[in-house]
Structures are given as C-alpha cells and as structure tokens.
Amino acid sequence: MAELSGKYLVGVYDDDDTVLHAVPRLRKAGVKIKEVYSPFPIHGMDEALGHPRTRIGIAAFMFGVTGCCVALTLMIWTMGIDWPMIIGGKDPISIPAYIPITFELTVLFTAFGMVITFFISNGLGPGTHAHPRFDVRSTDNKFVMAIDLGRNSMTVEDISRALKDSGAEEVNIKQF
C-alpha cells in the first residue's frame, strides 16, 4: 500500500445509504474520491467508486487446483509407484480411495493461499506500519469519504459544498 501524504478533505456521513448515493453524485460533479471507509461492508460501494471487479476468485481456484494436483501426485507416487501396497484388495492406484485426502489438501491449499494473498494484496504482514486513520469514528459508527486535494482540480470550497450537499455531517481537512 502506498503511504499517505498530503492534504485530504474528509467528509463524515452518518448513514450508509447516504454515503452510497453521494459517491456517484460527487464523481459526476468531477470530484476524485480517494477512498470511502466504513465500519462494515457496503454492498455496491466498489461499483460506485469505479473499482474493477476483483480477481481474487481466480486466485482461490488456482490454489485449489494446486492442492488437488499435489494431493493426487503425492498419493499416486507413494501408494502406486514408489511403495505399492495392496490394502483391502484395492489396486495400488485407486482414485476413489484418494478422494477424502484430495479434498482436504484442496481446502488447505486454498485457505492458506487466500490468507497469504490477502496479506500481500493489502500490504499487511511483518514490518508494515499501521495505516493512518482519517477519522477514528470510521471503525465505530460513521462513514468517512477521503478526497485527495492534490488530485482534484476543484477548489476546497467547491468540494466542501459538494460534500455538504450530498449529506455529509462534517467536512474536515486532514494533513498527513
């Protein structure tokens, strides 16, 4: 994640529907929104902000396929080629007997892979610093819209007026 620096205009909202409907109005007015912070996920906010559809599902599928292939390769190699054993009268390479372990390794690889992907994609993990908060109430009961003043060609007064008109309770300037 990129470090925050510069001046930001922060609009504080009281309702999730208000902030969700404010985003398209502000974008249409020419305001470039940095991010919207909320205490819980708001359905439709990604589309309203113009974020592209996530490709995290593709990563999950690939981790699952990798786990499935590793499990089948491990069992076929160990039970059928390297040390073939006949257990219960089954063939040394008996795919139906391998299904439970294949499922377990598929789930294991997917779970660990997604946790690692989450940490990497969000800039978290060892050696990272806490992200500065625009408003401490954004983790409790308020919805915060951050607007980078360096990226906007509009004046602070115009953006503040647009935020107030869209339903913001407070408009503050935050310097990082």
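Note that the structure is a prediction, hence the values are computed from the model and not measured.

Along the chain, the regular secondary structure elements total 5 helices and 4 strands. Each helix and strand of the chain, ordered N terminal to C terminal, gives the series β-α-β-α-α-α-β-α-β. In terms of overall dimensions, the chain is more spread out than a globule: its C-alpha atoms have a radius of gyration of 25 Å, far above the 16 Å expected for 176 residues. Expressed along its principal axes, the backbone C-alpha trace of the chain runs to roughly 80 × 35 × 30 Å. Partitioning the contacts of the chain with sequence separation of at least 6, the portion at a separation of at least 24 is 76%. Entry remark: accessible area of the chain is about 11400 Å², with carbon and sulfur atoms responsible for 62%.

For the rest of this paragraph, the subject is the sheet that holds strand S4 (residues 170-175). Where strands meet in a sheet, backbone hydrogen bonds hold them as pairs that are either parallel or antiparallel. Sheet architecture is open: 4 strands sit in the order S2-S3-S1-S4, paired in antiparallel fashion. Among the strands making up the open sheet, the edge pair consists of strand S2 (35-37) and S4. Each strand axis lies, on average, 25 degrees off the axis of its neighbour in the sheet, ignoring direction. Direction of pairing for S2 relative to strand S3 (residues 143-148): antiparallel, over a ladder of 3 bridges. Paired with Tyr 37 across the two strands is Val 144, which belongs to S3. Of the strands in this sheet, strand S1 (7-13), S2 and S3 are in contact with helix H1 (residues 16-28), which crosses S3 at around 20 degrees.

Strand residues, when the strand is regular, have side chains that alternate between the two faces of the sheet. Taken across its 7 residues, S1 has 6 buried, putting it largely inside the fold. Summarising the sheet, S1 and S4 pair through 6 bridges and their orientation is antiparallel. Within the sheet, the bridge partner assigned to Val 10 lies in S4 and is Asn 172.

Moving on, we get to the UniProt feature "transmembrane region" (unreviewed entry) in the chain. The UniProt record annotates "transmembrane region" (unreviewed entry) at residues 56-77 and 97-120. Annotated as 100% helix and 0% strand, the span residues 56-77 places its first and last C-alpha atoms 31 Å apart.

For H1, spanning 13 residues, the distance from its first C-alpha to its last is 19 Å, which sits close to the expected 18 Å at 1.5 Å a residue. Within H1, burial applies to Val 19, Leu 20, Ala 22, Val 23 and Leu 26. Where the residues of H1 are buried, they touch S1, S2, helix H2 (45-49), S3 and helix H5 (156-165). The opening residue of H1 is Asp 15, an N-cap whose side-chain oxygen sits 3.4 Å from the backbone nitrogen of Asp 17.

Attention shifts here to helix H4 (residues 95-121). Side chains of residues three or four places apart in an α-helix project in the same direction, reflecting 3.6 residues per turn. For H4, built from 27 residues, the straight-helix expectation of 39 Å at 1.5 Å per residue is met to within 8% by its first-to-last C-alpha distance of 36 Å. When the local axis directions of H4 are compared, the greatest deviation, roughly 30 degrees, occurs at Ile 101. Turning to H4, its buried residues are Tyr 98, Thr 102, Leu 105, Gly 113 and Thr 117. In the core, the buried residues of H4 are packed alongside helix H3 (56-82). Phi for Gly 123, located one or two positions after H4, is positive at around 70 degrees.

The subject of this paragraph is the pattern of salt bridges. The full count for this structure, using the stated rule, is 5 salt bridges. Linking Lys 142 and Glu 169 is a salt bridge whose minimum nitrogen-to-oxygen distance equals 3.1 Å. A residue pair is termed long-range when its members are at least 10 positions apart, and Lys 142 in the loop between H4 and S3 and Glu 169 in the loop between H5 and S4 qualify at 27 residues. For Lys 142, a relative accessible area of 11% translates into the label buried. Its relative accessible area of 37% is what places Glu 169 among the partly exposed residues. When salt bridges with common partners are traced through the structure, they connect Asp 14, Lys 142 and Glu 169 into a single cluster.

Calculation notes
- Residues numbered from 1 in each chain as written.
- Predicted model: local features only at pLDDT ≥ 70, side-chain atom pairs only at ≥ 80, totals over all residues.
- Heavy atoms only, no water.
- Helix = DSSP H or I, 4+ residues; strand = E, 2+ residues; numbered from the N terminus.
- Rg over C-alpha atoms; globule rule 2.2 N^0.38 Å.
- Contact = heavy atoms within 4.5 Å.
- Areas by Shrake-Rupley, 256 points an atom, 1.4 Å probe, with all protein chains shown as cover.
- Pairing = 2+ DSSP bridges.
- Axes fitted to C-alpha atoms, helices over the stretch in contact; angles between N-to-C directions.
- Buried < 20%, exposed > 50% of the residue type's maximum accessible area, 1.4 Å probe, protein only.
- UniProt positions renumbered as here; feature names shortened; annotations may be inferred.
- Expected span 1.5 Å × (residues − 1).
- Polar contact = N/O pair within 3.5 Å; in protein donor to acceptor, adjacent residues only side chain to side chain.
- Bend = angle between axes of the 7 residues up to and from the residue.
- Salt bridge = Lys/Arg side-chain N within 4 Å of Asp/Glu carboxyl O.

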